[in-house]
Amino acid sequence: MKKVVIHRPGGYEQLCLEQHVDPSPRPGEVLIDVEAIGINYADCVTRMGLYASAKQYVGFPITPGFEVAGKVAVLGEGVTDLTIGAEVIAVTRFGGYASQLAVGRSQVFVKPERLSMVQAAGFATVFLTAWFALFELAHARAGERILVHSAAGGVGSALVQLGKIAGCKVVGVVGASHKIDSVGALGADAVVDKSRHDLWHTAEQMAPEGFDVILDANGVTTLNQSYRHLAPVGRLVVYGFHGMLPRKGGRPNRLRLLWDYYRTPRFSPFSLTTRNRSLLGFNLSFLFHQSNRMQAGMTQLLRWVEEGRIQAPPTRTYPLAQVAEAHRDLESGQTVGKLVATP
Ligand SMILES: NC(=O)c1ccc[n+]([C@@H]2O[C@H](COP(=O)([O-])OP(=O)(O)OC[C@H]3O[C@@H](n4cnc5c(N)ncnc54)[C@H](OP(=O)(O)O)[C@@H]3O)[C@@H](O)[C@H]2O)c1
């Protein structure tokens, strides 16, 4: 099998495609012949050596990758409810950038026919993240106003669609004009292009009383204002900090990281209470032990796919040998939808 190995943290040159011995499934596992691999911004952060769960659970060397789609190749002892050749989606805590992957049965889901292999590979991480944020944490309700930052990206485009399923009024924010149409096509009620308009002035016109839910993975660049623009009983969901990281070059600037770390807002419990605002945060890669919860989320999401209520975001595909180019593109902040690699 081939897989991408990062031996030490750094830039794109650290993504090494190597030949390794084929894995074999342990009892309770499924071996998958991988046909497509979802690429996530978190993989870039892992490469940079800054991803907390990668450091905690694996260290270096590490093969990044949270999700794949492919065909069942071998069933481990005790797995009886899948057939060889079945088309599946799998989630994994690292190891996904590979041509074969052995994972626990509970992390494998039958691929809906409506999704191609490439679309399926980029489905699970972003939709599970959006589902967890909106339904498990923020409890979005019909009629609520929600603001989605980076709405044309992987998680953002999933949030827009799930926000509409929840019956909310969805405002998507994008950082470049070429992203506007894709967010509109996902059903957003309005799109703010912050490269052309003052984001918060426009947001105030759209929701003078504030937003009921704001979903923010920018971190330091927007967190303060996101908090300020919550309505009473508003919930701010924090799930990433990409605003601290470089858009070019692939290597974080340590001084800037430190500066951004110190100027990231700390919220006061007194303010949360008197203003009736809530702050919620999560990282799914620390929640793999809650497999029942994640399975419930995937079951619901896959049902919505079958019903045609969720569409796969647009995808751009790269050969796994050129995954460095995919990382460079994702870090540029210019991509729309999902990036996927094929081994
Ligand atoms: N907590 C969790 O469990 C969890 C799970 C999955 C993902 N995440 C986080 O969710 C975020 C989105 O992930 P994704 O894979 O779906 O990526 P993505 O949204 O497809 O791409 C990142 C987007 O973020 C915006 N951005 C703002 N500042 C940036 C910077 N300095 N560098 C690069 N992009 C920047 C850009 O959009 P605009 O300019 O249009 O805003 C860019 O297109 C990431 O922060 C990721 O770590 C968290």
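Since this is a predicted model, take the numbers as computed values, not measurements.

Side note on a nonpolar patch on the surface
A cluster of nonpolar residues, Leu258, Tyr261 and Tyr262, forms a patch on the protein surface that exposes about 370 Å² of accessible area. When you line up the elements, Tyr262 lands in helix 9 (residues 254-263).

Overview of the site of the ligand
Contacts to the ligand come from 24 residues, most closely from Tyr41, Ser150, Gly175, Leu245 and Leu284. Arg247 is positioned such that a nitrogen or oxygen atom in its side chain is 3.1 Å from a nitrogen atom of the ligand. The separation between an oxygen atom of the ligand and a polar main-chain atom of Leu284 is 2.7 Å. Isolated, the ligand exposes 920 Å² of accessible area, and the fraction of that covered by the protein chains is 95%. Contributing elements (two or more residues each) for the shell around the ligand: helix 5 (154-165) and helix 12 (323-332). Residues of the shell around the ligand, tallied by class, amount to nine nonpolar, twelve polar and three charged.

Here we look at the packing of helix 4 (residues 124-137) against helix 5
At their nearest, the axes of helix 4 and helix 5 sit 8 Å apart, and the two run at 50 degrees to each other. In terms of orientation, helix 4 lies oblique with respect to helix 5. Handedness of the helix 4/helix 5 crossing: right-handed. Of the residues in helix 5, those in contact with Val126, Phe127, Thr129, Ala130, Trp131, Ala133, Leu134 and Phe135 of helix 4 are Gly154, Val155, Ala158, Leu159, Gln161, Leu162 and Gly163. Taken together, the residues of the contact of helix 4 with helix 5 sort by class into eleven nonpolar, four polar and no charged.

Details of the nonpolar core
Core analysis: the biggest nonpolar cluster contains 57 residues, and Phe123, Leu159, Leu162, Leu215, Leu301 and Ile310 have the highest contact counts within it. Contributing elements (two or more residues each) for this core: strand 5 (87-91), helix 3 (117-121), helix 4, strand 8 (145-148), helix 5, strand 9 (169-174), strand 11 (211-216) and helix 11 (291-306). Element by element, the count of residues in this core is highest for helix 4, at eleven residues. Residues within four places of Leu162 in sequence aside, it is in contact with Phe127, Ala130, Trp131, Leu134, Phe135, Leu301, Trp304 and Ile310. Counting residues in each nonpolar core, the second largest holds 39 residues, with Phe66, Ala86, Val103 and Leu330 among its members.

So, helix 4
Its 14 residues give helix 4 an end-to-end C-alpha distance of 18 Å, which sits within 8% of 20 Å, the value for a rise of 1.5 Å per residue. With respect to burial, helix 4 is a largely interior element, 13 of its 14 residues being buried. His139 sits one or two residues past helix 4 and shows a positive phi near 50 degrees.

Topic: helix 12
Those residues of helix 12 that sit buried are Val323, Ala326, His327, Asp329, Leu330 and Glu331. Looking at the packing, one finds that the buried side of helix 12 touches strand 1 (2-5), strand 3 (29-39), helix 1 (41-47), strand 14 (315-319) and strand 15 (338-342). The first or second residue beyond helix 12 is Gly333, which carries a positive phi of 80 degrees.

Considerations on empty space enclosed by the protein
In total, this model carries one cavity of 30 Å³ or more according to the counting rule given. Its volume calculated, the largest cavity comes out at about 30 Å³. What lines the largest cavity is simply Val118, Gln119, Gly122, Phe123, Phe127, Ala312, Pro313, Thr315 and Lys338. Within the lining of the largest cavity, the residues separate by chemical class into five nonpolar, three polar and one charged.

Comments concerning the packing of helix 4 against helix 11
One can describe the packing of helix 4 onto helix 11 by two numbers: an axis separation of 10 Å at closest approach and a directional angle of 105 degrees. Regarding the angle of helix 4 to helix 11, the classification is roughly perpendicular. Side by side, helix 4 and helix 11 meet where Ala124, Phe127, Leu128, Trp131, Phe132, Phe135 and Glu136 of the first sit next to Arg293, Met294, Gly297, Met298, Leu301 and Trp304 of the second. Among the residues forming the contact of helix 4 with helix 11, the class breakdown is ten nonpolar, one polar and two charged.

A few points about the sheet that holds strand 12 (residues 230-238)
Strands sit in the order 10-9-8-11-12-13 across an open sheet of six strands; the sheet is parallel. Unpaired on one side and paired on the other, strand 10 (190-193) and strand 13 (277-281) mark the two borders of the sheet. For this sheet the average axis-to-axis angle between neighbouring strands, irrespective of direction, equals 15 degrees. In this sheet, strand 9 lies alongside strand 8 in parallel orientation, the contact comprising four bridges. Along strand 9, the bridge assignment pairs Ile146 with Val170.

Reading the values: rules and limits
Residues numbered from 1 in each chain as written. Predicted model: local features only at pLDDT ≥ 70, side-chain atom pairs only at ≥ 80, totals over all residues. Heavy atoms only, no water. Patch = residues over 30% accessible without salt bridge, like charges linked within 9 Å, V, L, I, M, F, W, Y side chains within 5 Å. Areas by Shrake-Rupley, 256 points an atom, 1.4 Å probe, with all protein chains shown as cover. Salt bridge = Lys/Arg side-chain N within 4 Å of Asp/Glu carboxyl O. Helix = DSSP H or I, 4+ residues; strand = E, 2+ residues; numbered from the N terminus. Near = heavy atom within 4 Å. Polar contact = N/O pair within 3.5 Å; in protein donor to acceptor, adjacent residues only side chain to side chain. Nonpolar A, V, L, I, M, F, W, Y, C, P; charged D, E, K, R; others polar. Axes fitted to C-alpha atoms, helices over the stretch in contact; angles between N-to-C directions. Parallel < 35°, antiparallel > 145°, perpendicular 65-115°, else oblique. Left-handed = near helix turned anticlockwise from the far one by under 90°. Contact = heavy atoms within 4.5 Å. Core = buried A, V, L, I, M, F, W, Y, C linked by side-chain atoms within 4.5 Å. Buried < 20%, exposed > 50% of the residue type's maximum accessible area, 1.4 Å probe, protein only. Expected span 1.5 Å × (residues − 1). 1 Å grid on protein atoms, 1.4 Å probe; cavity = no way out; pocket = protein on both sides within 12 Å on 5 of 7 lines; lining within 4 Å. Points joined across faces, edges and corners; volume = space filled by probe spheres on them. Pairing = 2+ DSSP bridges.

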